[in-house]
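Below are the chains, spelled out letter by letter.
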Amino acid sequence: MDGQVAALLDLAAGPVDNQWQQVQETTAVWKEDLADAKRTNKISQQTYDQFKAG
């Protein structure tokens, strides 16, 4: 009986582990996107400052 319970717990944990991994991967992508957005914003601000000074 204990073996069956352990097997069921393993099955139940599998999808959760996969979802957690997907969450971590998605979060990593969001962090990259945020970093890209900050770089783009910085470039836009520099361009604007040059235009304003121009």
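An account of the accompanying structure is given in this report.

Procedures and definitions
- Residues numbered from 1 in each chain as written.
- Predicted model: local features only at pLDDT ≥ 70, side-chain atom pairs only at ≥ 80, totals over all residues.
- Heavy atoms only, no water.
- Helix = DSSP H or I, 4+ residues; strand = E, 2+ residues; numbered from the N terminus.
- Rg over C-alpha atoms; globule rule 2.2 N^0.38 Å.
- Buried < 20%, exposed > 50% of the residue type's maximum accessible area, 1.4 Å probe, protein only.
- Areas by Shrake-Rupley, 256 points an atom, 1.4 Å probe, with all protein chains shown as cover.

As a further point, take the overall build of the chain. Along the chain, the regular secondary structure elements total one helix and zero strands. For the chain, the C-alpha radius of gyration of 23 Å lies well beyond 10 Å, the compact-globule estimate for 54 residues. With the C-alpha coordinates of the chain rotated into their principal frame, the extents come out at 80 × 10 × 10 Å. The burial tally for the chain puts 0% of its 54 residues in the buried class. Surface summary for the chain: the accessible area is close to 5,100 Å², and the carbon and sulfur share equals 60%.

Tracing the sequence through the fold places threonine 40 in helix H1 (residues 2-53). Once the C-alpha coordinates of threonine 40 and glutamine 50 are considered, the two residues, ten residues apart in sequence, prove to be 15 Å apart.

Let us look at the environment of glutamate 25. If you trace the backbone, glutamate 25 turns up in helix H1. C-alpha separation for the pair glutamate 25 and glycine 3, spaced 22 residues apart in sequence, amounts to 33 Å.

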